[in-house]
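What follows is each chain in one-letter form.
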Amino acid sequence: MRLTTPGSSSMCEDHHGHEEDHRGHGHEDEHGTARGNDQDHGHAPAPARDPDRAGIGRRAVFVTGAAAALTLGSVSFASAAPRQRRTRTVRGTLPPGSPDFVYVPVEIPRGVREIHVAYTYDRPTVPAGTQGNALDIGLFDERGTDLGGRGFRGWSGGARTELYVRADAATPGYVPGPVRPGTWHIALGPYTVAPQGLSYEITITLTYGEQGETPRPAYPPERAKGRGRAWYRGDCHLHSEYSDGRYTLAEIAELARAAGLDFINSSEHNTHSAHAHWADLAGDDLLILLGEEVTTRNGHVVALGTDPGTFVDWRYRARDNRFGRFARQIRRAGGLVVPAHPHATCIGCNWKFGFGEADAVEVWNGAYTPDDEVALADWDGMLVASVREGRDGGGRAGSAGQGWIPAMGSSDSHRSPDVIGRPQTVVLADDLTREAIQEGIRAGRSYVAESSKVSLSFTASGGRGEHAGIGERLRVADDTPVTVRLEVTGAPRCTVRLVTDQGVLFTGDPLPVSGEGVVEWRTTASYAAYVRAELRHETAAGPLPGALAAFTNPVFLGR
């Protein structure tokens, strides 16, 4: 029913199966906003009130300690006999400037076996350069919608037009469990709203009967059969059908193995629902870490390697000053805080929370594009700042904010032709375990490569046997001669660049077609506070460097 209140605009709710490839960046946010000349499906008319049409009462706008939200009047259902179904339909319109989240309360009686929700919304034609309609959806149970997500039962963003939840099963993205009586909430997220407003229709169907048995979750082991202290390859940002991807979990595991990966991290948008479905796909040859891509309106952050079943809320903006609370939650759950694609151009994808809570930063995301180049330059500036502020200790054994921030790279794959493992983070770890991989990432003992074909060895040494590798410090006097050595395989015709706090101080000739080569360069700690290596593909024309084939975290120089 269309909601109108005295002196207010009409407001209500809907959904969008919207996708957007983000200009081939390789990462895609869960929305994919409808825009431009999308088909106009028309505004839903205000229906007459009848027993199967749920009216919406007076709305209430409130602040939850996070983004502003709006709760509409409730939709009620009566009890019914087993195996019967009851349906209610809600229609309305959300105007431009709607709150980030709009909640539809649904009163669930006793004896309900399943909740099914379907929704549609209009996509009117809008002028060029104007955002069209895009509406996300999720579900909270009788435990409520408070920030922190105690009542969270799932989120599919704009990837699905319908969902169901029951005790023994749920739509991917949602969590199976008992359907208890009380006030549930359908959560709508008006991602973008056209100037004409966003008209929606929600259809809620309850199936009555005895509930099934909730499956006991089984999680993947935290250890795989490693090679002791060695370099391990991983992709820590991936999406499946459990959020807005098209890959199944089995396909991801198969493609990860084919890409030569040793570990992956589950990172669905705003849901942990995939965690309980990975166990059978792990093995001695593949460590599967569990996490989430926390997808806020002011940027995305990967929770990397959290405890099984950990859900991290996303319903806040930078102005709400709540991110620190959830960064701490990630670390309490044993995970790392990794801002993703910080300079991505999609709406809400650019990182605006600052890096004070970051354990690492995803500098390279998917196929290499200009926003990755900007992220690389920004990260290099952060390295210079860490030197200036004395935070360049050559490792991150401390908590976030007390050291330099290592770089990572991940594919952010969603579907074919996205390439799992392009790029990949190669980590020096004591073993192939959750704890050891995380420690290697946190310490910056890693480099990023476009595929498993590319391998690097990057070291710095002094005149008296001093030696340091990636992420470490070579402790020598300022005037001690330092030899920097890079060994490369698998990078035909690529060019080596050595970068310091001053900038690019060495550019080599292209490597031979064999892709193998050794570069040595001499410097001192007084001349270079750190050195990091880049491998660049040949550039077609112009002053810009070619796309990355690989890059390392720095080796710091000096005492």
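Residues numbered from 1 in each chain as written. Predicted model: local features only at pLDDT ≥ 70, side-chain atom pairs only at ≥ 80, totals over all residues. Heavy atoms only, no water.

**Details of the overall build of the chain**
For the record, the criterion: Elements are defined by DSSP. Helices are runs of H or I of four residues or more, strands are runs of E of two residues or more, and each kind is numbered from the N terminus. Using a 1.4 Å probe on the protein chains alone, a residue whose accessible area is under 20% of its type maximum counts as buried, one over 50% counts as exposed, and one in between counts as partly exposed. We call two residues in contact whenever any of their non-hydrogen atoms come within 4.5 Å of each other. Only the protein chains shown count as cover for residues, and the accessible areas themselves come from Shrake-Rupley with a 1.4 Å probe.
The helix and strand inventory of the chain stands at four helices and 31 strands. When each of the 559 residues of the chain is scored for burial, the buried share is 59%. Taking all contacts inside the chain whose residues are at least 6 apart in sequence as the whole, residues at least 24 apart take part in 74%. Carbon and sulfur atoms provide 48% of the accessible area of the chain, an area that totals close to 21300 Å².

**Observations regarding the nonpolar core**
The condition is simple: The definition of a nonpolar core used throughout is a set of buried Ala, Val, Leu, Ile, Met, Phe, Trp, Tyr and Cys residues joined through side-chain atoms within 4.5 Å.
Within the largest apolar cluster, 35 residues are counted, with the highest numbers of intra-cluster contacts made by Ile186, Tyr200 and Ile202. When residues of this core are traced back to their parent elements, those giving at least two are β4 (85-94), β5 (101-108), β6 (112-121), β7 (134-140), β9 (162-166), β10 (182-192) and β11 (198-208). It is β11 that provides the largest number of residues to this core, a total of six residues. In this structure, Ala468, Val496, Leu511 and Val531 belong to the second largest nonpolar core, which totals 31 residues.

**Details of the state of the cysteines**
Under the convention used in this document: Any two cysteine sulfur atoms lying within 2.5 Å of each other are counted as a disulfide.
Scanning the model with the defined rule gives one disulfide in all. With its sulfur 1.9 Å from that of its partner, cysteine 346 forms a disulfide with cysteine 349. Measuring handedness by torsion sign, the sulfur bridge of cysteine 346 and cysteine 349 sits at about -115 degrees and is left-handed. Each member of the pair, cysteine 346 as well as cysteine 349, is classed as buried.

**Digging into helix α2 (residues 323-332)**
For α2, the complete set of buried residues consists of Phe323, Gly324, Phe326, Ala327, Gln329 and Ile330. Of the surrounding elements, those touching the buried residues of α2 are β16 (299-304) and β17 (336-340). In the stretch just after α2, glycine 334 is the one whose phi turns positive, near 80 degrees.

**Section: the pattern of salt bridges**
Two side chains that carry opposite charge are able to pair once their charged atoms sit near each other. Here is the rule: Here a salt bridge means any side-chain nitrogen of Lys or Arg lying within 4 Å of a carboxyl oxygen belonging to Asp or Glu.
Across all of its chains, the model carries 31 salt bridges by this definition. Between arginine 331 and aspartate 359 there is a salt bridge, and its shortest N-O distance comes to 3.5 Å. Here the residue arginine 331 occupies a position in helix α2, and aspartate 359 occupies one in the loop between β17 and β18 (361-365), the gap between them amounting to 28 residues. For arginine 331, a relative accessible area of 25% corresponds to the partly exposed category.

**Observations regarding unusual backbone geometry**
Backbone torsion omega between serine 416 and proline 417 reads 15 degrees, so that peptide bond is classified as cis. Here proline 417 lies in the loop between β19 (407-410) and β20 (424-429). Across the junction of arginine 422 and proline 423, the peptide omega takes the value -5 degrees, indicating a cis bond. Along the chain, the position of proline 423 falls in the loop between β19 and β20. Despite not being glycine, arginine 83 has its phi angle at roughly 70 degrees, a positive value. In this structure, arginine 83 sits in the loop between β3 (75-76) and β4.

**Quick notes on the packing of aromatic side chains**
This is how the line gets drawn: Pairs were defined over the aromatic rings of Phe, Tyr and Trp, the Trp ring being its six-membered one, requiring ring centres within 6.5 Å. Orientation was assigned from the angle between planes: stacked under 30 degrees, edge-to-face over 60, tilted for the rest. In our convention, an over-ring charge means Lys NZ or Arg CZ found within 6 Å of a ring centre and within 35 degrees of that ring's normal.
Applying the stated rule across the entire model yields 20 aromatic pairs. With a centroid separation of 6.4 Å and 65 degrees between ring planes, the pair formed by phenylalanine 101 and tryptophan 155 is classed as edge-to-face. Taken together, the positions of phenylalanine 101 in strand β5 and tryptophan 155 in strand β8 (residues 152-157) put the pair 54 residues apart, joining distant regions of the chain. Judged by relative accessible area, which is 4%, phenylalanine 101 ranks as buried. Ring centres 5.4 Å apart and planes at 85 degrees place the aromatic pair tryptophan 364 and tyrosine 368 in the edge-to-face group. Through a chain of ring-to-ring contacts, three or more aromatic side chains come together here, namely Phe101, Tyr103, Phe140, Phe152, Trp155, Phe311 and Trp314. Above the face of the phenylalanine 77 ring, arginine 88 is positioned so that its terminal group lies 5.0 Å from the ring centre. One cation-aromatic arrangement involves arginine 315 over tryptophan 314; the distance from NZ or CZ to the ring centre is 5.8 Å.

**A few points about the sheet that holds β16**
Strands in a sheet are paired, the pairing made by backbone hydrogen bonds, and the direction either parallel or antiparallel. Rule in force here: One bridge is not enough; two strands pair if DSSP finds at least two bridges between them. Axis angles are defined between N-to-C directions and span 0 to 180 degrees, where every axis is a line fitted to C-alpha atoms and, for a helix, only to the segment in contact.
Ordered in space as β15-β16-β17, the three strands form an open sheet in which the pairing is antiparallel. Two strands close off the open sheet at either side, each with one partner strand: β15 (292-296) and β17. Between one strand axis and the next, the sheet turns through 25 degrees on average, direction left out of account. Pairing analysis gives five bridges linking β15 to β16, with the strands arranged antiparallel. Bridge pairing in β16 places valine 294 opposite valine 301. Lying on the sheet, α2 is in contact with β16 and β17; it crosses β17 at an angle near 130 degrees.

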